[in-house]
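Chain and residue survey
Read off the chains here:
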Amino acid sequence: MATLPYEYAVMAILTDCIIVTLMKSFRASTSTGFVIAILYFAVAPFAHAQTEKPVPGELKLKPDKETQRSAESAAPDKTDAKDRDKDKGKDEEKEPPPKVTEHTLTVAGKTIHYRATAGYMVMRDWNEKKRPEEGEGDRRREPSPSPAKEADKSKDKDGKDKDEPKQKAKVFYVAYTRTDVGNDPAKRPITYSFNGGPGSASVWLHLGALGPRRTELTERGEAPLAPYHLVDNEATWLDATDLVFIDPVSTGYSRSALGEDPKQFHGFKEDLASVGDFIRLYTSRNARWASSKFIIGESYGTTRAAGLSDYLQERYGFYVNGIILVSSVLDFSSIRFGPGNDRPYPLFLPSYTAAAWYHKRLPPDMQSKSLKDVLGEAENFASNKYLLALNRGDQLDENQRKELAADLARFTGLPADAVAQTHFRIPARRFFFDLLKDKNRSIGRYDARFTGIRYDPGTEESDFDPSYEAVYGPYTATLNDYLRRELKFESDLPYEMIADVRPWNYANVAQNQYLDVAEDLRKAMSRNPYLKLWVCCGYYDLATPYYAAQNVMHGMQLDPTIRDNLRMTFYEAGHMIYINKPSLLQFRTDAGNFIQDALKPRVVPAAEP
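Residues numbered from 1 in each chain as written. Predicted model: local features only at pLDDT ≥ 70, side-chain atom pairs only at ≥ 80, totals over all residues. Heavy atoms only, no water.

Our next topic: the overall build of the chain. If you tally the helices and strands in the chain, you get 17 helices and 14 strands. Looking at the chain as a whole, 46% of its 609 residues qualify as buried. When contacts within the chain are restricted to residue pairs at least 6 apart in sequence, those whose partners lie at least 24 apart make up 73%. A total of about 32,600 Å² of accessible surface is found on the chain, and carbon and sulfur atoms cover 51% of it. (Helix = DSSP H or I, 4+ residues; strand = E, 2+ residues; numbered from the N terminus. Buried < 20%, exposed > 50% of the residue type's maximum accessible area, 1.4 Å probe, protein only. Contact = heavy atoms within 4.5 Å. Areas by Shrake-Rupley, 256 points an atom, 1.4 Å probe, with all protein chains shown as cover.)

What follows covers the packing of helix α5 (residues 203–210) against helix α14 (residues 466–485). α14 packs onto α5 with a crossing angle of 90 degrees between their chain directions and a minimal axis gap of 10 Å. The angle between the axes of α5 and α14 places the two elements in the roughly perpendicular class. Along the contact surface, α5 presents V203, W204, H206, L207 and G208, while α14 presents Y468, V471, Y472, Y475, T478, L479 and Y482. Of the residues in the contact of α5 with α14, the class split is 9 nonpolar, 3 polar and no charged. (Axes fitted to C-alpha atoms, helices over the stretch in contact; angles between N-to-C directions. Parallel < 35°, antiparallel > 145°, perpendicular 65-115°, else oblique. Nonpolar A, V, L, I, M, F, W, Y, C, P; charged D, E, K, R; others polar.)

Membership of the largest hydrophobic core comes to 98 residues, with the highest contact counts inside it found for F278 and I279. With residues near it in sequence (within four places) discarded, I279 still touches Y192, I246, I295, L308, L312 and F318. Listed in part, the 54 residues of the second largest apolar core include V107, L238, Y495 and F594. (Core = buried A, V, L, I, M, F, W, Y, C linked by side-chain atoms within 4.5 Å.)

Between side chains of opposite charge, a pair can form as their charged atoms come close. If you walk through the whole model with that rule in mind, you get 34 salt bridges. Linking R304 and D271 is a salt bridge whose minimum nitrogen-to-oxygen distance equals 2.6 Å. Of the two residues, R304 sits in helix α7 (residues 300–316) while D271 sits in helix α6 (residues 268–285), which places them 33 residues apart along the sequence. Each member of the pair, R304 together with D271, is buried. (Salt bridge = Lys/Arg side-chain N within 4 Å of Asp/Glu carboxyl O.)

Turning our eyes to something else, we now look at the pairing of strand β14 (residues 566–571). Across 6 bridges, strand β13 (residues 532–538) lies against β14 in parallel orientation. Counterpart to G538 in the pairing with β14 is Y571. (Pairing = 2+ DSSP bridges.)

So, on to the packing of α7 against helix α15 (residues 518–527). For the pair α7 and α15, the least separation of the axes is 7 Å and the interaxial angle reads 50 degrees. Taken together, the axes of α7 and α15 lie oblique to each other. Handedness of the α7/α15 crossing: left-handed. Where α7 abuts α15, its residues A306, G307, S309, D310, Q313 and E314 lie against D520, L521, K523, A524 and R527. Looking at the contact of α7 with α15 residue by residue, the class counts come to 3 nonpolar, 3 polar and 5 charged. (Left-handed = near helix turned anticlockwise from the far one by under 90°.)

Moving on, we come to the packing of aromatic side chains. According to the stated counting rule, one finds 38 aromatic pairs in the structure shown. Seen from their ring centres, Y176 and F245 are 6.1 Å apart, and the 75 degrees between their planes marks the pair as edge-to-face. Here the residue Y176 occupies a position in strand β3 (residues 167–178), and F245 occupies one in strand β7 (residues 242–246), the gap between them amounting to 69 residues. On the basis of relative accessibility, which here comes to 0%, the residue Y176 falls in the buried class. (Phe/Tyr/Trp six-rings, centres within 6.5 Å; stacked < 30°, edge-to-face > 60°.)

Listed below in C-alpha cells is the structure:
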C-alpha cells in the first residue's frame, strides 16, 4: 500500500472531524446541508486522493507543473506514447557488452592459451563539436565554477556525459589475444582483418585462414555433406600475432545507429573513415599503440587496406608495419570490362590459360607442361603480341586476324571462330560459360577449378557461381553456431555474410575514371619506408586475376630504396587461396616469414648528407 504523506493524512482526518461536528451541531436545513456538501466534496477528494495506490506503469505528474491535469486527462495521450516509444528505442539501441571466453589450442605441437572477445564497438561522431547556446555571450569574465558542480551538470540522470558525441553505428568484431605471453604490447603484434565485397563480412578470413577455428572443407576446398563442422585451425596466425576481425557497417552484425542512414557508410571514402576510426579506437581502448601493427584485406578489402594505409597516416599518425593483400584489386581499370577499356583482356588471359590447363582443354603440347611453364608462355603472349594486336584494332589484315584467333584458342581452349567473333576480346563472363559448354557446365568466378550445372545450357544467362556455393553454406552455418555456442555471443539479427550495400558511393572518383588506390599505397610506403607490403594471388582466380595484380604492382614504380619492401606470392588456388588445404598451409608459413621480416630491427637512412 502507498504511504500517506504526513500533511495529507492530517488534513484528511481534520476534514472528516469537521464534517461530523457540523452535522451534530446544526440542525439540518437546506442551506446548511448545501454548505456542508460543498465543503466535503471540495476538500475530501483532494486529501483522500493521496491515499490511492498508483497503478503500475501509470504516468506520474511532476510536482513542479504549474497546472494539474484533470482525472480525464490523466490517461496517456499521443505525446506520451511518442515519448515512451522514444525511450523504448533508446533501450533497443543498447547492445549487450562484449562476451569474453578463454580457450586453448595446439599449434605446431605447442599449446597456446588465448582470450576471445566478441561484441560491439560503438562508433560516435568524434568530429562533432559543441557550440555555445544562443545568448550565452562571453563568459570569460565570469568566476570559474566548481569543477565538481560542472561535472555534475555535464551528466544526465543516468550518469552519462551529456556532451558525448552521438552514436553513428555499432561495429561488430571478434578479437583473439594470447594470454600466455605477458602483457607488454610492444612484444606482441596485432593484425586487423576484413574481407571485401563491398558488403562482405570478415567471416572468410576469420574461419578460413587466420582464426583459431576453421570451417572444415575437403582437401580441394569443396563443401562436405551437412551438417558442417569447425575444427582447430592448424594454420592459424594466432601464435605469431593477435587478431581482430572487423565487420564493416551493414555486414555481419554491424548496423548503423537508430535514426542514422546506413548509406552514409556505403562508399569508398565513407568506408575508409568508419573502418579506420574503428581501428584507431580499438587500438586506444586496448592499449595497443605500442604494438607492431598489421592490416590484411581480401578482394575489395585490399582496396580498403591500401586506402587505409594513407588514411590512418594522414588522419591519426597511425603507421603500420605491414599490409597483406589477398586477391588484390587496387586499380579497377585492370578488372572492369567495358567499352573503350581494353586493359583487362590481356591481364585476364593467363588466368584463362590456368583454368583451361586445369580442365584439360589446352592442346596436347601445352597440356603436358607444368602450370608455371604454361603460364610463362601465356604471360609473354599477353604482354606482347596480344597487347599490340588489341591496340591496332581494325587495322589487322585477314591473315593477322586468323593467326591471332588461333593463338587465343591455343591459350584459352575456346574455338578460334568464337574468339574472332568477339573481336579477340574475351570477357570473363563469356569464358565462365563457354569453356565447358559441351559438358553443360560453367566454371567458378572465384575459383575456376569448380564447376556447376548450367541453368540455361548454351546461353550466357546468369547462373550461380559454383565456387561461391561451395563455401557459402558451410561458412554460414559454422559462423552462426560458433558465435553462440563457443563465443557465447547471442543476437537475433541475421548475420549478413554478404550485405546489399548498393549503390556503393564512388562520388570521390573523377568522372570517366576508375577507382585507383595504388597511388595511396605508394604515398604511404614513400612516407613510411619501413612499411612492408605482401601481395597474395591465386592462379585460378577469375575475379581478381594474379597477372592484373602483378601489373598494377609494377605500375606503382616504387623508389628503388623501398622496392624490396614489396613481395608477391602465387598459389595454385582461387580467390580464397586458403580453402585449398596445401595452399592454406603454405599461406601460414609465408605469413610467418613476412611478419618476421617486417619486424627485423633496421634503420632506413634519412638524415645522411
